[in-house]
Structure formats: structure tokens, C-alpha cells
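# Summary of structural features
Listed below, chain by chain, are the residues.
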Amino acid sequence: MAANRQSTRSLQVPFTIAVCFILTGFSSTALASQDPLPSWGEGATKDSITAFVEHVTNPGDPAFVPENRRIATFDNDGTLWVSHPIYTQFQFAFDRVKQLAASHPEWKDEQPYKAILEGDREFLKQLTPHDVVNLVMETHAHTTPKAFEEIVRQWLKKARHPRYDVPYTELAYQPMEELLGYLRANGFKTFIVTGGGIEFVRAFAMETYGIPPWQVVGSSIKSEFELENGKGQIMRLPEIEFIDDGPGKPVGITTHIGVRPIAAFGNSDGDIEMLQYTDSGAGPTLAMMVHHDDPEREYGYTCDTKVGALCKGVELAKQRGWVLISMKNDWKRIFSFDESPKPRVALR
């Protein structure tokens, strides 16, 4: 919750449990019996969410925000579902190379296709962002959006995560799914704002998160209209149109949504600008970063990764009053298939 405002923005500072109860009139017993976020441990992090929602949805509160401006944006990889050991879309691209290899015999001698086909992990670790972009364009283009969506859907039915051995769509974080539902129940519109491909994420966003395709903002490749046998269609091209990451996220939000969010959730330095854009608004805001600090149940990393590094974001969180969500301390359960969790109390 942004805390760099003067007294007029005081509602952005995380609230204590006592203040929440006084302002909302809830007793601890009533709150426990109607807990909208059961997978979240009790403590300051959970309180910052519920207090914010209670204030912006109360018509008699100075912090009240009308429903048409209750916009919440969520990064996807590492924020709503697992992003390690590699981004899910990259694994899809690798598998797509294998699927298309019969039509591209030249790939046997061309990198990085050769390394993918031969399973050369050491070579693949050295891929540059430019290499990955080219790989994504080649494996995601030359098809219509509808056909591409079906390709992604079929892949998701068969693909399994290497550590958990379950479909990737089962690796949505249970606490974040509860948060999405809680916000929507309180008049928020929830949007995914991802560095991943917009049409890749649209293929599963509704079924996985309850977010319709038109509420997904993401990176895109160019497309063009064409007529085939008198029928109009859109064809995807192997050219980058827009990268929805870093400073691109606020641009994507403005282009696709048209309203500045009052709540934003990320997990990496690629989400910094989205949170900065959010907490720079004129009213109360909530900005949160998921910190992957639970290697036992999920993964543990901050700066020491090429996949979703959170370096600058940690210091900025302190400066701007963003809340760091500790997977280890703030989440009693991570996935829906976890066994009933033991009570876990947040340490902060």
C-alpha cells in the first residue's frame, strides 16, 4: 500500500487489526467466520488487503472509490502461477519446435532449434532475450488467433510441470485466486497485465482465473487481415508488435484499459513500473509484490535468477510503502491441491 503520500493519502498506510475493527465495526469472531481469504495467514499483509477493500467500498468513507474506477491489475508469471524453472510460455515454445520440426528440416542444424531438438540444456541456458523473442515469433505465428488458442489449449491438456507433475493450470496460487474472487465480490474489475503473450494467456485465463479474454493485457506479435475464399480472418505474423513488460505495462494499461488501477500485484522488477503507475494515482492505492521465499513448498529466489528476478523492487517497496507478500509466512497454502495447511501466522 503506497505510503509516500501526505495526510490526505493516509489511508494508504497498512492498517493494524485494531484500527480495522474500529473503522469497520467487525468483531474478530465475525471476521473469522466470514474469512474471504482463508489461505492467507493472519497478520499485517492480509490486513492491508481487507482494510483497503473495506475503505474503498464504503460509500461513507473518505477513501470510497466508485465501482467504475475499482481496477486491479495482476502480473501472471510468478504472481498468479508458477514461473520456475522457466516461464510456461517458453516451455510451450520449446515443445512447439519439436511439433513443427518435421516441416522444418533445416532446424536440425540451426540454433537454438538444434539445441531444443537435442535437449542441449547448457546451450539453452545461454539464450539471449533476442534469441527467445525470435523463437517465440517463429513458433507462435503463421496461424489465426482462434487456431493458436486451440493449439495452446491442447498443449495445456498434455503438458506437465517438471517438479509437480500436474498440468500448469493447476499451479495457480490458491491465495491469489481467493484474492481475485474477493476483489470481484467487492466491485473490482480484475485484469491480467503480463509480459507473456496476450493470446497465449487468453487461452486459459477464463478457466483458470475467471478473467475473460478482454481483460488480458500482454505482449503481442503483429497481425493482419486477409480474405481466404471470401471469408475475412486475422493472420498472426512473425513480427513483434508490443512488449508488455517494465515501462510497457503502464502503456498497455492505458491502451487496453483506459483507467489507472487502484490496486496492482506483481512479483518481479518487470512489474515495478506498473506499481509505480498505480501508486501515483490521486486516491488510495494498494501495491503488492509476491516474494518467492519458500523453496520447500515452491521456489526461493530474489535477485539470483533469470526468471522473474526481484532486485530493485525490494528497495522500492520500502521507499514507496509497497507490501512484500512472503510466500513462506503469509500463505498457509500455496496450491489448491495442498493438504489442509497447519495454521501459519505471518511474522510481519
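A quick note: this is a predicted structure, and the numbers were derived from the prediction, not measured. (Residues numbered from 1 in each chain as written. Predicted model: local features only at pLDDT ≥ 70, side-chain atom pairs only at ≥ 80, totals over all residues. Heavy atoms only, no water.)

Moving on to the confidence of the model for the chain. Per-residue confidence for the chain averages 89 on the pLDDT scale, and 88% of its residues sit at or above 70. Every residue in residues 1-32 scores below 50 in pLDDT, and together they form 58 contacts with partners more than four places removed in sequence or on other chains. Confidence drops under a pLDDT of 50 for residues 342-348, and excluding neighbours within four residues, the segment shows 23 contacts in the predicted structure. (pLDDT = per-residue confidence, 0-100. Contact = heavy atoms within 4.5 Å.)

Here the focus is the side chain of Ser268. Tracing the chain through its elements places Ser268 in the loop between strand S5 (263-266) and helix H13 (272-279). Given the relative accessible area of 11%, Ser268 is considered buried. Apart from residues no more than four positions distant in its own chain, Ser268 is found in contact with Met289, Gly308, Ala309 and Leu310. (Helix = DSSP H or I, 4+ residues; strand = E, 2+ residues; numbered from the N terminus. Buried < 20%, exposed > 50% of the residue type's maximum accessible area, 1.4 Å probe, protein only.)

This part covers the packing of aromatic side chains. The full count for this structure, using the stated rule, is 17 aromatic pairs. Seen in terms of ring centroids, Tyr173 and Trp331 are 5.4 Å apart; in terms of plane orientation they differ by 50 degrees. Their pairing is tilted. Of the two residues, Tyr173 sits in the loop between helix H8 (145-158) and helix H9 (174-185) while Trp331 sits in the segment after helix H15 (327-330), which places them 158 residues apart along the sequence. For Tyr173, a relative accessible area of 0% translates into the label buried. Judged by relative accessible area, which is 0%, Trp331 ranks as buried. Lying across the ring of Tyr299, Arg163 places its NZ or CZ 5.0 Å from the centre. (Phe/Tyr/Trp six-rings, centres within 6.5 Å; stacked < 30°, edge-to-face > 60°. Lys NZ or Arg CZ within 6 Å of the ring centre and 35° of its normal.)

In this section: the packing of H13 against helix H14 (residues 312-320). Viewed as axis vectors pointing N to C, H13 and H14 meet at an angle of 10 degrees, and their least axial separation amounts to 11 Å. One finds that H13 runs roughly parallel with respect to H14. For H13 against H14, the interelement crossing comes out left-handed. Each of Ile272, Gln276 and Asp279 in H13 lies in contact with H14, whose residues at this interface are Lys312, Gly313, Leu316 and Arg320. Of the residues contributing to the contact of H13 with H14, the split by class is two nonpolar, two polar and three charged. (Axes fitted to C-alpha atoms, helices over the stretch in contact; angles between N-to-C directions. Parallel < 35°, antiparallel > 145°, perpendicular 65-115°, else oblique. Left-handed = near helix turned anticlockwise from the far one by under 90°. Nonpolar A, V, L, I, M, F, W, Y, C, P; charged D, E, K, R; others polar.)

With that settled, consider the pattern of salt bridges. Under the counting rule described, the total for this entry stands at 12 salt bridges. For the salt bridge of Glu42 with Lys46, the shortest nitrogen-to-oxygen distance reads 2.9 Å. Judged by its relative accessible area of 39%, Glu42 is partly exposed. Residue classification places Lys46 among the buried positions, given a relative accessible area of 5%. Glu149 is the salt-bridge partner of Arg153, the closest N and O atoms lying 3.0 Å from each other. Remark: Glu149 and Arg153 occur in helix H8; sequence separation between them is four residues, near one turn of the helix. For Arg153, a relative accessible area of 27% gives the class partly exposed. Salt bridges linked by common partners bring Asp35, Glu42 and Lys46 together as one network. (Salt bridge = Lys/Arg side-chain N within 4 Å of Asp/Glu carboxyl O.)

It is worth spelling out a nonpolar patch on the surface at this point. Taken together, the side chains of Phe225, Leu227 and Ile234 define a hydrophobic patch exposed on the protein surface, amounting to about 330 Å² of accessible area. Following the sequence through the fold, Phe225 ends up in strand S3 (residues 216-228). Judged by its relative accessible area of 56%, Phe225 is exposed. (Patch = residues over 30% accessible without salt bridge, like charges linked within 9 Å, V, L, I, M, F, W, Y side chains within 5 Å. Areas by Shrake-Rupley, 256 points an atom, 1.4 Å probe, with all protein chains shown as cover.)

Within the open sheet, the seven strands sit side by side as S4-S3-S2-S1-S5-S6-S7. Their pairing is mixed. Of all strands in the sheet, those bounded by a partner on one side alone are strand S4 (231-242) and strand S7 (323-326). On average, each strand axis in the sheet is inclined to that of its neighbour by 35 degrees, with strand direction left out of account. Most of the contacts of H9 go to strand S1 (residues 71-74), to which it runs at about 165 degrees, and overall it touches S1, strand S2 (189-197), S5 and strand S6 (286-291). (Pairing = 2+ DSSP bridges.)

Each regular strand carries side chains that alternate between the two faces of the sheet. Relative to S4, S3 runs antiparallel, the two being bridged by eight bridges. Bridge pairing links Ile221 to Ile240 in S4. Taken together, S3 and the strand that follows it, S4, pair antiparallel across an intervening segment of two residues, in which Asn229 is found at a positive phi of about 55 degrees.

As a further point, take H9. A rise of 1.5 Å per residue sets the reference length of H9, with its 12 residues, at 16 Å; its end C-alpha atoms lie 17 Å apart and thus fit the reference within 8%. Immediately downstream of H9, the backbone of Gly187 shows phi near 80 degrees, a positive value. (Expected span 1.5 Å × (residues − 1).)

With 54 residues, the main nonpolar core has Phe74, Met176, Leu179, Tyr209, Phe265 and Trp331 as its most contacted residues. Counting 17 residues, the second largest nonpolar core, distinct from the first, contains Ala264, Ile272, Met274 and Leu310. (Core = buried A, V, L, I, M, F, W, Y, C linked by side-chain atoms within 4.5 Å.)

Let us look at the environment of Thr305. As for its position among the elements, Thr305 is in the loop between S6 and H14. What makes Thr305 buried here is its relative accessible area of 17%. For the pair formed by Thr305 and His84, sequence separation is 221 residues and the distance between their alpha carbons is 9.5 Å. Here His84 takes part through its side chain, which lies 3.3 Å from a polar atom of the side chain of Thr305. At 3.0 Å, the side chain of Thr305 forms a polar contact with the backbone nitrogen of Val307. (Polar contact = N/O pair within 3.5 Å; in protein donor to acceptor, adjacent residues only side chain to side chain.)

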